[in-house]
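# Structural overview for review
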Amino acid sequence: MQRLCRASGAALVVMFVPFKSQVYLPLLRRSFPRAELERALAFSFRGMGPPVDAETLAAHRLAQNELVAGLCAERGIAFLDLTPALEAEVESGRNVYFPDDAHWNADGHDVAAAALADLLRARDLVRP
């Protein structure tokens, strides 16, 4: 993809779109006792393997983000991880995902659009 983009005069930008659980886990860990959170996770992940340990989940929450960021850095590809921007909105009390769905709501789309626009401007990738 990077070669094709360069050949056509474009720049490849990889935008990491986090899972809803990656964004909300810090808030959930602060809001619920560990045992209660793990019971809720066990219900959500029932039939999908061993019980979920909240601490292990938290410790590895950003593993995929870091893996993709490292690959992009090695290849010189612009990378945008939306996790911090979405987390900041959640911390401010604004939902960015639908309550009963794993997709962004309008606010989530606004956050992603603003973060991408900022990255494109910062890298001088926006053409008037």
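Residues numbered from 1 in each chain as written. Predicted model: local features only at pLDDT ≥ 70, side-chain atom pairs only at ≥ 80, totals over all residues. Heavy atoms only, no water.

## A closer look at helix H3 (residues 34–44)
- Those residues of H3 lying buried are Leu 37, Glu 38 and Leu 41. Across the axial projection of H3, the buried residues extend over an arc of 95 degrees, all falling on one side. Opposite its buried face, H3 presents the exposed residues Arg 39 and Phe 43, each directed more than 90 degrees away.
- Its buried side turned inward, H3 meets helix H2 (20–31) and helix H4 (54–59). (Buried < 20%, exposed > 50% of the residue type's maximum accessible area, 1.4 Å probe, protein only. Helix = DSSP H or I, 4+ residues; strand = E, 2+ residues; numbered from the N terminus. Arc of directions from axis to C-beta. Contact = heavy atoms within 4.5 Å.)

## Things to note about the confidence of the model for the chain
- Here the chain averages 94 in pLDDT, while 99% of its residues score no lower than 70.
- Confidence scores differ between elements of the chain, with H3 showing the lowest mean pLDDT of 91 and strand E1 (residues 13–16) the highest of 98. (pLDDT = per-residue confidence, 0-100.)

## Here we look at the side chain of Arg 61
- Of note, Arg 61 is situated in the loop between H4 and helix H5 (63–75).
- Among residues more than four places away in sequence, those in contact with Arg 61 are Gln 22, Leu 25, Pro 26, Thr 83 and Glu 87.

## Concerning the packing of H2 against helix H6 (residues 83–91)
- In contact at an axis separation of 8 Å, H2 and H6 are set at 35 degrees when each is read in the N-to-C sense. The handedness of the crossing between H2 and H6 comes out as right-handed. Along its contact with H2, which presents Val 23, Tyr 24, Pro 26, Leu 27 and Arg 30, the element H6 presents Leu 86, Glu 87, Val 90 and Glu 91.
- A breakdown of the residues in the contact of H2 with H6 according to their chemical character gives 6 nonpolar, no polar and 3 charged. (Axes fitted to C-alpha atoms, helices over the stretch in contact; angles between N-to-C directions. Left-handed = near helix turned anticlockwise from the far one by under 90°. Nonpolar A, V, L, I, M, F, W, Y, C, P; charged D, E, K, R; others polar.)

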